[in-house]
Number of protein chains: 4
Amino acid sequence: MAQAELALIVGAGSGLSGSLARLCAAQGMRVALAARNTDKLKGFSGASLHRCDATDPAQVASLLESVEVPDLVVYNPSYRARGPLLSLDPEEVRKTLEVTAYGGFLVAQAAAKRMLERGRGSLFFTGASASIKGYAESAPFAMGKFALRGLAQSVARELGPKNIHVAHFIIDGGISREGDNDNRLHPDAIAQTYLDVYRQHRSAWAFEVDLRPWVERF
Amino acid sequence: MAQAELALIVGAGSGLSGSLARLCAAQGMRVALAARNTDKLKGFSGASLHRCDATDPAQVASLLESVEVPDLVVYNPSYRARGPLLSLDPEEVRKTLEVTAYGGFLVAQAAAKRMLERGRGSLFFTGASASIKGYAESAPFAMGKFALRGLAQSVARELGPKNIHVAHFIIDGGISREGDNDNRLHPDAIAQTYLDVYRQHRSAWAFEVDLRPWVERF
Amino acid sequence: MAQAELALIVGAGSGLSGSLARLCAAQGMRVALAARNTDKLKGFSGASLHRCDATDPAQVASLLESVEVPDLVVYNPSYRARGPLLSLDPEEVRKTLEVTAYGGFLVAQAAAKRMLERGRGSLFFTGASASIKGYAESAPFAMGKFALRGLAQSVARELGPKNIHVAHFIIDGGISREGDNDNRLHPDAIAQTYLDVYRQHRSAWAFEVDLRPWVERF
Amino acid sequence: MAQAELALIVGAGSGLSGSLARLCAAQGMRVALAARNTDKLKGFSGASLHRCDATDPAQVASLLESVEVPDLVVYNPSYRARGPLLSLDPEEVRKTLEVTAYGGFLVAQAAAKRMLERGRGSLFFTGASASIKGYAESAPFAMGKFALRGLAQSVARELGPKNIHVAHFIIDGGISREGDNDNRLHPDAIAQTYLDVYRQHRSAWAFEVDLRPWVERF
């Protein structure tokens, strides 16, 4: 009997990871959640929980060896130092780059290793408005999100022809789970688009999708 | 009893329009197909057929008045003069601009008029690799597809906050319906993504999606 | 004795064309100015004046045959219909496309014909913020300026290796000649950058330069 | 008597830094060169030489305190790990990010501190084709160069209105100093464009300029 598909979602705690986990589970997929702080992962009874600092090569390698070959890996973590240029703490800037971009590389590399063995897989990266526009007083986040997009493009070009679907999502606006407010991105709505892209036939794969609320200025 | 949704697809004859018509019909939508040459539309027994030159303001106005308010309008027409710059016939270049971009404006304006009356709707434009890259010896097509993208962006910014979902699709590669070949974009696969985007909740609308076959170099 | 270089500036009347004419003349170049309305060209005593509707293939062909082979051709004309989508007059939209983009094609083609005979030349196009962003309630201008950029890219890729330098300038902000105000783009400052790019060695040609005042938000 | 302007060029050893140093000196500017390995800086008799690891906050702070307020700072360093994704050493990827992007942040911050005290300055960053396109098998370099561009955009938006000219150059192609070959970017030609941009009036500042040889495919 065929195993259920496995989704590995890295960087829990945000609304998006939770929505993705629930949607994947509702679709009959198995779900693994990984985060530095697994306390944030409580309450996902249907998912396996994994403690992992995505900026640590050994922990990421270990994470990807501890699960079966994932069909879908989503990289969500980000960290953001912001403020006027002169006020920024260099260590916080380094951390922003490491969590937002370098961890994406580590996860991509470790996930690709497993997926290439099997000859298929999907690898998704979560970006932001800052992925394509460097806003004033937000240099570190722009650096991290631009870098993640560069990574995604490069990996898409390398791995697409090897049957691994790499996609990058530009989430343009604030995420909110409040029921009555559709002026902000609802994480369930974002998750639905990730799933749609995951289900795409390989004759017409999306690389990049930008998502924003209907009222968002852009 | 609620009326079925209405999809109006402008520019039939390509594989994409046919696939969209079939998919919309299979989803229980009513379908209207419009093209300059209605001979190309034969065989879509489930759709109403409309003769319309999309570059003629009166014909486009007439088309949009002759149907009920569409829930979804898709603009597909394009025309392409190509060759070395010195070999291009200025009249062919003008036609490329008119079919590829100016007709898109006319349809957008006439469709928006109906949709704004009702307070909702979706308006999709079909682009190409040439929407974002001007290839050598293909200036007219780049002009038309760049222009269509500029139109789509502008209209998205104006009409999004009025509850009209404007989206632009970059089809990056050749389209083919041949069953065994997933090295080219299958029009059914493209159509599925259009439908997914049409079904998006307005808290997380996509503006732009690029689609290409897994093997495509980009 | 070597002839002075010839600059042909199409679309006079704006501050930029005047500044370019004066700067080129000050550099010892000969200057030809072409515009639909030659009344606007009065006062350039050092330049030859040419009446030309840039959207008319015959007039453009005639213009380029009436002058010696230009070393530099600059295409400046634009026209702008704007307002809410529903308020736009289709004929004004067509005119926006023709003046802003189609005329650029005609001039590029006619200029390239002369330049290719001699094996060198520079062909510059003037864009705007709207070349890369479609603003709300400004669809026609976005269509025209996006199209002009697509043209410039395509022609740069075709003609660069034939020793013709094609460049596109994104003028991001309002132009003003008022002496004390450097919050808006001074046309003399823009012209200086055009000249710098014209003087570039072909081992390092710029294709695109964006210019804006120091205070401009972007 | 007015002091000569001071140019601080970070990241020597490449052809570009040397050409910039010579051109600035020829223009009567004072030149300071900083690099991790000062052996590479020998032979620039007219410049002050500074040993500095641009990825070390303390060394960068020290460098900027050891010189007078620079009028122009250019950040050139880059490092490149490349190869198939699975073959990349995570430490090499980290180093690529640090040298190519994080060092740019450190230099920008330390230079801005000095320039803001005086109320003017120019801060230039050297990018590459990989700044806007993530090539296959070159993920780390894309990450670094994308990040540097995000930094430059953010800092330009913050510091432009404070009279600091921030510019980013996309060097698209290989650099070569060989005299007879203009099929590759000559560093003197690149340096000339940097100087032209440095000399721009603030009513029309360039943020981004792409440079490539006339024969380059792009």
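These notes cover the structure that comes with them. (Residues numbered from 1 in each chain as written. Chains lettered and ligands numbered in written order. Predicted model: local features only at pLDDT ≥ 70, side-chain atom pairs only at ≥ 80, totals over all residues. Heavy atoms only, no water.)

### What about the overall build of chain A?
Stage number 1. Across its full length, chain A holds 5 helices and 7 strands.
Stage number 2. Secondary structure elements of chain A occur, N-terminal to C-terminal, as β-α-β-β-α-β-α-β-α-β-α-β.
Stage number 3. When its C-alpha atoms are laid out on the principal axes, chain A stretches across 60 × 40 × 40 Å.
Stage number 4. Burial analysis of chain A (218 residues in total) assigns 63% to the buried set.
Stage number 5. Pairs at least 24 residues apart make up 66% of the contacts formed inside chain A by residues separated by at least 6 positions. (Helix = DSSP H or I, 4+ residues; strand = E, 2+ residues; numbered from the N terminus. Buried < 20%, exposed > 50% of the residue type's maximum accessible area, 1.4 Å probe, protein only. Contact = heavy atoms within 4.5 Å.)

### Topic: the environment of Gly-160 of chain D
Stage number 1. Mapped onto the secondary structure, Gly-160 of chain D falls in the loop between α4 (139-159) and β6 (164-171).
Stage number 2. Its relative accessible area of 5% is what places Gly-160 of chain D among the buried residues.
Stage number 3. Counting along the chain gives 39 residues from Gly-160 of chain D to Gly-121 of chain D, while the straight-line C-alpha distance between them is 9.8 Å.
Stage number 4. In contact with Gly-160 of chain D, not counting residues within four places along its chain, are Trp-214 of chain C together with Val-155 and Trp-205 of chain D.

### A short note on helix α1 (residues 15-26) of chain A
Residues and elements named next belong to chain A.
Stage number 1. The end-to-end C-alpha distance of α1 is 17 Å, a good match for the 16 Å that 12 residues give at a rise of 1.5 Å each.
Stage number 2. If you check which residues of α1 are buried, you get Leu-16, Ser-17, Gly-18, Ser-19, Leu-20, Ala-21, Leu-23 and Cys-24.
Stage number 3. The elements touched by buried residues of α1 are β1 (6-10), β2 (30-35), β4 (72-75), β5 (121-128) and α5 (187-198).
Stage number 4. A positive phi of about 85° marks Gly-28, the residue just after α1. (Expected span 1.5 Å × (residues − 1).)

### Overview of the relation of the copies chain B and chain C
Stage number 1. Rotating chain B by 180° about the axis while translating it 0.0 Å along that axis superimposes it on chain C, leaving an RMSD of 0.0 Å. Such a combination of turn and shift is consistent with a two-fold rotation axis.
Stage number 2. Looking at chain B, 100% of its interface residues are interface residues in chain C too, so the copies touch through the same face. (Least-squares fit on C-alpha atoms with pLDDT ≥ 70 in both.)

### A look at the state of the cysteines
Stage number 1. Scanning the model with the defined rule gives 0 disulfides over all chains in all.
Stage number 2. Of all cysteine sulfurs, the one in Cys-52 of chain C lies closest to Cys-24 of chain C, which takes part in no disulfide; the gap is 18 Å. (Disulfide = S-S within 2.5 Å.)

### Some points on the interface of chain A and chain D
When the parts of a complex come together, some accessible area is lost, and that lost area is often used as the size of the interface.
Stage number 1. Counting residues at the interface gives 43 residues for chain A, matched by 43 residues for chain D.
Stage number 2. Our enumeration of links across chain A and chain D arrives at 2 salt bridges.
Stage number 3. The residue Glu-98 of chain A makes a salt bridge to Arg-94 of chain D at a minimum N-O spacing of 2.4 Å.
Stage number 4. Counting residues per element, the ones that place at least two in the side of chain A that touches chain D are α3 (90-118) and α4 (139-159) of chain A.
Stage number 5. The element best represented in the side of chain A that touches chain D is α3 of chain A, accounting for 15 residues.
Stage number 6. Each residue belonging to the side of chain A that touches chain D can be placed in one class, and the counts come to 26 nonpolar, 8 polar and 9 charged. (Salt bridge = Lys/Arg side-chain N within 4 Å of Asp/Glu carboxyl O. Nonpolar A, V, L, I, M, F, W, Y, C, P; charged D, E, K, R; others polar.)

### Comments concerning the pattern of salt bridges
Stage number 1. Applying the stated criterion to the full structure yields 52 salt bridges over all chains.
Stage number 2. Taking the shortest distance from any N to any O, the salt bridge between Asp-188 of chain A and Arg-177 of chain A comes out at 3.5 Å. With Asp-188 of chain A in helix α5 and Arg-177 of chain A in the loop between β6 (164-171) and α5, this residue pair connects regions lying 11 residues apart in the sequence.
Stage number 3. The partly exposed category is assigned to Asp-188 of chain A, whose relative accessible area is 40%.
Stage number 4. Arg-177 of chain A gets classed as partly exposed once you look at its relative accessible area, which sits at 38%.
Stage number 5. Among the salt bridges present, the one from Glu-178 of chain D reaches Arg-184 of chain D, with a minimum N-O distance of 3.6 Å.
Stage number 6. What you see here is one network of salt bridges that share partners, running through Asp-71, Arg-118 and Arg-120 of chain A.

### Focus on the relation of the copies chain A and chain D
Both copies of the chain are related by one operation, a rotation about an axis with a shift along it.
Stage number 1. Of the transformation placing chain A onto chain D, the axial shift is 0.0 Å and the rotation is 180°, giving an RMSD of 0.0 Å.
Stage number 2. With an isologous cut-off of 70% or more, the 100% of interface residues of chain A that recur at the interface of chain D puts this contact in the isologous class.

### Structural notes on helix α5 (residues 187-198) of chain B
Because an α-helix packs 3.6 residues into every turn, residues spaced three or four apart end up facing the same way.
Stage number 1. For α5 of chain B, which comprises 12 residues, the first-to-last C-alpha distance of 16 Å matches the rise-based estimate of 16 Å (1.5 Å per residue) to within 8%.
Stage number 2. Judged by how many residues are buried, α5 of chain B sits mostly within the fold: 10 of 12 residues are covered.
Stage number 3. Among the residues of α5 of chain B, Pro-187, Ala-189, Ile-190, Ala-191, Thr-193, Tyr-194, Leu-195, Asp-196, Val-197 and Tyr-198 of chain B are the ones counted as buried.
Stage number 4. On its buried face, α5 of chain B is in contact with α5 of chain A together with α1 (15-26), β4 (72-75), β5 (121-128), β6 (164-171) and β7 (205-212) of chain B.

### Observations concerning a positive patch on the surface
Residue and element names in this part refer to chain B.
Stage number 1. Where like charges cluster on the molecular surface, the positive patch consists of Arg-36, Lys-40, Arg-51 and Lys-95.
Stage number 2. Within the fold, Arg-36 resides in the loop between β2 (30-35) and β3 (47-51).
Stage number 3. Residue class for Arg-36 comes out exposed when judged on its relative accessible area of 56%. (Patch = residues over 30% accessible without salt bridge, like charges linked within 9 Å, V, L, I, M, F, W, Y side chains within 5 Å. Areas by Shrake-Rupley, 256 points an atom, 1.4 Å probe, with all protein chains shown as cover. Lys, Arg positive; Asp, Glu negative; His and termini not counted. Charge placed at Lys NZ, Arg CZ, Asp CG, Glu CD.)

### Structural notes on the packing of aromatic side chains
Stage number 1. Under the criterion given, the structure shown has 20 aromatic pairs over all chains.
Stage number 2. With a centroid separation of 6.0 Å and an interplanar angle of 50°, the aromatic rings of Phe-207 of chain C and Phe-218 of chain D are classed as tilted. Here the residue Phe-207 of chain C occupies a position in strand β7 (residues 205-212), and Phe-218 of chain D occupies one in the segment after β7 (205-212), the pair thus bridging two chains.
Stage number 3. An angle of 15° between the planes, with centres 3.9 Å apart, marks the rings of Phe-169 of chain D and Tyr-194 of chain D as stacked. A residue pair is termed long-range when its members are at least 10 positions apart, and Phe-169 of chain D in strand β6 and Tyr-194 of chain D in helix α5 (residues 187-198) qualify at 25 residues. For the residue pair Phe-169 of chain D and Tyr-194 of chain D, the accessibility class agrees, reading buried in each case.
Stage number 4. Pairwise contacts between aromatic rings join Phe-124, Phe-169 and Tyr-194 of chain A into one cluster.
Stage number 5. When the ring centre of Phe-218 of chain B is taken as origin, the NZ or CZ atom of Arg-212 of chain B, which lies over that ring, is 3.8 Å away. (Phe/Tyr/Trp six-rings, centres within 6.5 Å; stacked < 30°, edge-to-face > 60°. Lys NZ or Arg CZ within 6 Å of the ring centre and 35° of its normal.)

### Digging into the interface of chain B and chain C
Stage number 1. Residue-level contacts link 43 residues of chain B with 43 residues of chain C.
Stage number 2. Taken together, the two surfaces of chain B and chain C that pack against each other cover about 3500 Å², and 67% of this comes from carbon and sulfur.
Stage number 3. Viewed at the interface, chain C and chain B are joined by 2 salt bridges.
Stage number 4. Linking chain B to chain C there are 20 residue pairs in polar contact (both at pLDDT 80 or more).
Stage number 5. When contributions to the side of chain B that touches chain C are tallied by element, the ones reaching two or more residues are α3 (90-118) and α4 (139-159) of chain B.
Stage number 6. In terms of residue count, α3 of chain B provides more of the side of chain B that touches chain C than any other element does, 15 residues in total. (Buried area = accessible area lost by both parts, 1.4 Å probe. Polar contact = N/O pair within 3.5 Å; in protein donor to acceptor, adjacent residues only side chain to side chain.)

### Structural notes on the packing of helix α3 (residues 90-118) of chain D against α4 of chain D
Residue and element names in this part refer to chain D.
Stage number 1. Across the interface, α3 lies against α4 with an axial gap of 7 Å and an inter-helix angle of 15°. If you check the angle between α3 and α4, you find them roughly parallel. Crossing of α3 over α4 shows right-handed handedness. Listed contacts from α4 to Val-93, Thr-96, Leu-97, Thr-100, Ala-101, Gly-104, Phe-105, Ala-112 and Leu-116 of α3 are Pro-140, Phe-141, Met-143, Gly-144, Lys-145, Ala-147, Leu-148, Leu-151 and Leu-159. (Axes fitted to C-alpha atoms, helices over the stretch in contact; angles between N-to-C directions. Parallel < 35°, antiparallel > 145°, perpendicular 65-115°, else oblique. Left-handed = near helix turned anticlockwise from the far one by under 90°.)

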